[in-house]
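Structural overview for review
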Amino acid sequence: MTDRIPDPALLADRFPGDFLFGVATAAFQIEGAAKADGRKPSIWDAFSNMPGRVFGRHNGDVACDHYHRLEQDLDLIASLGVQAYRFSIAWPRVYPDGTGPINEKGLDFYDRLVDGLQARGIKAFATLYHWDLPLMLAGDGGWTARSTAYAFQRYARTTIARLGDRLDAVATFNEPWCSVWLSHLYGIHAPGERNMEAALHALHTTNLAHGLAVSAIREERPKLPVGIVINPMHVYAGSDTPADQAAAERAFDFHNGVFFGPIFKGAYPDTVLSALGERMPPIEDGDLALISQPLDWWGVNYYTPMRVADDPTEGAEFPATKPAPFVNQETTDIGWEIFPQALGDLIRTVNARYTLPDCYITENGACYNMGVEDGAVDDQPRLDYIADHLSVTADLIAEGYPMRGYFAWSLMDNFEWAEGYRMRFGIVHVDYDTQARTIKKSGLWYQSLARSFPKGNHGGSVGAEDRSS
Ligand code: FCB
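The structure contained in this document is the topic of the report that follows. What you are looking at is a predicted structure, and each value in this text was computed from that prediction instead of being measured.

What follows is about the pattern of salt bridges. Taken as a whole and judged by the stated rule, the model has 33 salt bridges. One salt bridge connects Arg424 with Asp413, and the closest N-O pair in it is separated by 2.7 Å. Residue Arg424 is located in the loop between strand 11 (403–409) and strand 12 (428–430), and its partner Asp413 is located in the loop between strand 11 and strand 12; the two are separated by eleven residues in the primary sequence. The burial state of Arg424 is the same as that of Asp413; both residues are buried. Its salt-bridge partner being Lys440, residue Asp413 comes within 2.8 Å of it at the nearest N-O pair.

The N-to-C vectors of helix 10 (residues 242–265) and helix 13 (residues 341–353) enclose an angle of 55°; their axes lie 11 Å apart at closest approach. Viewed along their axes, helix 10 and helix 13 adopt a mutual orientation that is oblique. For helix 10 against helix 13, the interelement crossing comes out right-handed. Along the contact surface, helix 10 presents Glu249, Phe252, Phe260 and Lys265, while helix 13 presents Thr349, Val350 and Arg353. The residue inventory of the contact of helix 10 with helix 13, partitioned by class, reads three nonpolar, one polar and three charged.

Taken as a whole and assessed by the stated rule, the structure comprises 44 aromatic pairs. Both rings, one in Phe260 and one in Phe264, keep their centres 5.8 Å apart while their planes meet at 35°; by these two values the pair is tilted. In this pair, Phe260 and Phe264 are both assigned in helix 10, four residues apart and thus about one turn of the helix distant. Per residue, the accessibility class of Phe260 equals that of Phe264, and both read buried. Its end group placed over the ring of Phe55, Arg422 keeps NZ or CZ at 3.9 Å from the ring centre.

Bringing the packing of helix 6 (residues 104–119) against helix 7 (residues 146–163) into the picture now. The contact between helix 6 and helix 7 brings their axes to 10 Å, and the two run at 45°. It follows that helix 6 is oblique to helix 7 by the angle criterion. For the element pair helix 6 and helix 7, the recorded crossing hand is right-handed. On helix 7, the residues that touch Glu104, Leu107, Asp108, Tyr110, Asp111 and Val114 of helix 6 are Thr158, Thr159, Arg162 and Leu163. Taken together, the residues of the contact of helix 6 with helix 7 break down into four nonpolar, two polar and four charged.

As a further point, take the site of the ligand. By nearness alone, every residue bordering the ligand is listed as Gln29, His130, Trp131, Asn174, Glu175, Asn301, Tyr303, Glu363, Trp409, Glu416, Trp417 and Phe425. Contact distances for the ligand include 2.5 Å between an oxygen atom and a side-chain N or O atom of Glu175. Computed on the free molecule, the ligand has an accessible area of 300 Å², of which 95% lies beneath the protein chains in the complex. Broken down by class, the residue content of the shell around the ligand amounts to five nonpolar, four polar and three charged.

Let us now look at the sheet that holds strand 10 (residues 358–364). In spatial order, the strands read 1-2-3-4-5-7-10-11; together these eight strands close into a barrel with parallel pairing. For this sheet, the mean inter-axis angle between neighbouring strands, taken without regard to orientation, is 25°. Where strand 10 lies against strand 11, four bridges are found, and the strand directions are parallel. For Ile361, the partnering residue across the bridge sits in strand 11 and is Tyr406. Across the sheet, helix 6 lies against strand 2 (84–88) and strand 3 (123–129), angled at about 170° from strand 2, the strand it touches most. Most of the contacts of helix 9 (residues 196–220) go to strand 4 (residues 169–174), to which it runs at about 165°, and overall it touches strand 3, strand 4 and strand 5 (226–230).

Bringing the sheet that holds strand 9 (residues 321–323) into the picture now. With mixed pairing, the three strands of this open sheet are ordered in space as 6-8-9. Among the strands making up the open sheet, the edge pair consists of strand 6 (235–237) and strand 9. In this sheet, neighbouring strand axes are inclined to one another by 45° on average, regardless of whether the strands run parallel or antiparallel. As judged from the three bridges shared by strand 6 and strand 8 (residues 306–310), these two strands associate in the parallel manner. Pairing of Ala237 across the sheet is with Val308, part of strand 8. Sheet strands touched by helix 10: strand 6, strand 8 and strand 9. Its angle to strand 8, the strand with the most contacts, is close to 125°.

Moving on, we get to unusual backbone geometry. Cis geometry marks the peptide bond from Trp409 to Ser410, where omega comes out at 10°. Residue position: Ser410 is located in the loop between strand 11 and strand 12. Going from Phe453 to Pro454, the amide bond is cis rather than trans, its omega being -5°. Positionally, Pro454 belongs in the segment after helix 15 (441–450). Positive phi, normally seen in glycine, also occurs at Ala33, with a value near 50°. By secondary structure assignment, the location of Ala33 is in the loop between helix 2 (27–30) and helix 3 (43–48). Judged by relative accessible area, Ala33 falls into the buried class, the value being 8%. With phi around 55°, Asp65 is a residue other than glycine that occupies positive phi space. With respect to the helices and strands, Asp65 occurs in the loop between helix 3 and helix 4 (70–79).

So, how was this worked out
- Residues numbered from 1 in each chain as written.
- Predicted model: local features only at pLDDT ≥ 70, side-chain atom pairs only at ≥ 80, totals over all residues.
- Heavy atoms only, no water.
- Salt bridge = Lys/Arg side-chain N within 4 Å of Asp/Glu carboxyl O.
- Helix = DSSP H or I, 4+ residues; strand = E, 2+ residues; numbered from the N terminus.
- Buried < 20%, exposed > 50% of the residue type's maximum accessible area, 1.4 Å probe, protein only.
- Axes fitted to C-alpha atoms, helices over the stretch in contact; angles between N-to-C directions.
- Parallel < 35°, antiparallel > 145°, perpendicular 65-115°, else oblique.
- Left-handed = near helix turned anticlockwise from the far one by under 90°.
- Contact = heavy atoms within 4.5 Å.
- Nonpolar A, V, L, I, M, F, W, Y, C, P; charged D, E, K, R; others polar.
- Phe/Tyr/Trp six-rings, centres within 6.5 Å; stacked < 30°, edge-to-face > 60°.
- Lys NZ or Arg CZ within 6 Å of the ring centre and 35° of its normal.
- Near = heavy atom within 4 Å.
- Polar contact = N/O pair within 3.5 Å; in protein donor to acceptor, adjacent residues only side chain to side chain.
- Areas by Shrake-Rupley, 256 points an atom, 1.4 Å probe, with all protein chains shown as cover.
- Pairing = 2+ DSSP bridges.

Here is the structure:
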C-alpha cells in the first residue's frame, strides 16, 4: 500500500493514450423499479425476498433507484471524466417471462441509456447476463435446463437487434463462475442450490448459451466486438508440497478451466471430465464448436487471489481442496485479502495457457464502508487499492499484454448480492434514505486520472473499430 496519494499524472504516463478508463455497474444492483413498466421477478428477487439468504433480507426493489434517476446518473458518470460505462441489461425487463412476448417498455429504458451515453460521448459496454435470470425460467430448471440456453439466445438477438448500433462492446455473461458454482454448488447466490449435478448442468448450459448468443450477436451486428467477462481465480498453492501443488492445479481446472477450456480451446479439461464427466449433461455434437467461436475481447474481474491446500479427506469431491491462509493479513471490509500482484500473475498465467484476445479489466475495486462526514467520504484505502492495481496493469502493458481498459467497480454503492447494502464498493457514496450521491475521495482521484484520457494517438482497441454495419 502507498502511504500518500499516488500522483494521477505519474500513473497516467504509464498508460497508452487510448487506454479506456470506465466505471461499472449491474442492472439488479442499481436499477430498483423492480415492478416498473412490465418487469417481472428474476431469481434474485425471489432469493432476496426469502429469509436467510441475503443480509438483512435486503432486496432490489429500490436499490439506487437508477431506473428513475437515469439522466442524473449519466451526468454523474460524465462528470467523472471516464470514457466508458459498463452496465448490464436486465433480461426480465426485455422478456419478463424469459420467453414469450417481448416487453418494449423494458427495451425503451436501455434505448434511453445508450442514447444518453452517446450524447455524452461515453462508450457503452453492455453485459447481457449479470445474474438476473427471469424467474419463470426456474420452472424449467433455470440454468440447469438446456432450453434456457436457447431462451438466452433469443433474448440476446432481440436486445442486440435493438441496441447494437449504439454499443461499443457486448459481453454475453458476467462471471459465469458465480452463476454456476457460487449459485448451484456453494448455495451463496440465487438460486441457492448446493448440488454438483445441478452445477455441472448449469455449467454446460451457460457455456452453450454463451456460444449461441455469440452466433446471434454476430448475425445481427457483425462488427460489434463480442466478449465474455470472467472472474478467473489466481490460484496459489498453500505450500510447495507436491500435494498442495497438485491441489492448486485441480483448482485451476475446476474454477477456470471449465470456462477457458471450452471457450478458448474447444474442450473441457481432462481432469474435470474424468472426475465429474459422468455427472455432466450430454455434450451434443456442435456444442463445443459454438462455445469456442473466436471472441473479439475478454473481460477480467479481479479482486483477490484464491489460496488452496490439498484436502486429504477420503472421498473428497473434486477438486478436493480446502482454503489456505492469506499471505497478506490486510483485507478490505468484506474480508478479501489485498494482493495486487495476483492480478499480474493471473494475466500472465491465463495468457500462457490460452490464446486470448484483447483484455479489459471489467471490474476491480474494493469494499470499504466509511460514510459521509462533512460532505466528503475519505476512502483513502480504496484509492490506494485502485492505484496499486492500476500500477500492476501498467506493468502488464509494459510487458506487452493487450490490456485495453479498466473499469472501476463500482460507479456507486449498490446491492452487493448476498451482502445486501451493507457492503459498499462505490467510488460514489449512495445514501439509501435520500438517494443522494457523493463522490468519494477515490472518485475524485479517479476523475483526475480519467480526465487526462484519451491522450496522444494510439490505435488498436476494439472500441475504435468501425461499427457501422
Ligand atoms: C463481482 C460482481 C459484481 C460485484 C463485485 C463486488 O463478483 O460481478 O456484481 O458484486 O463482485
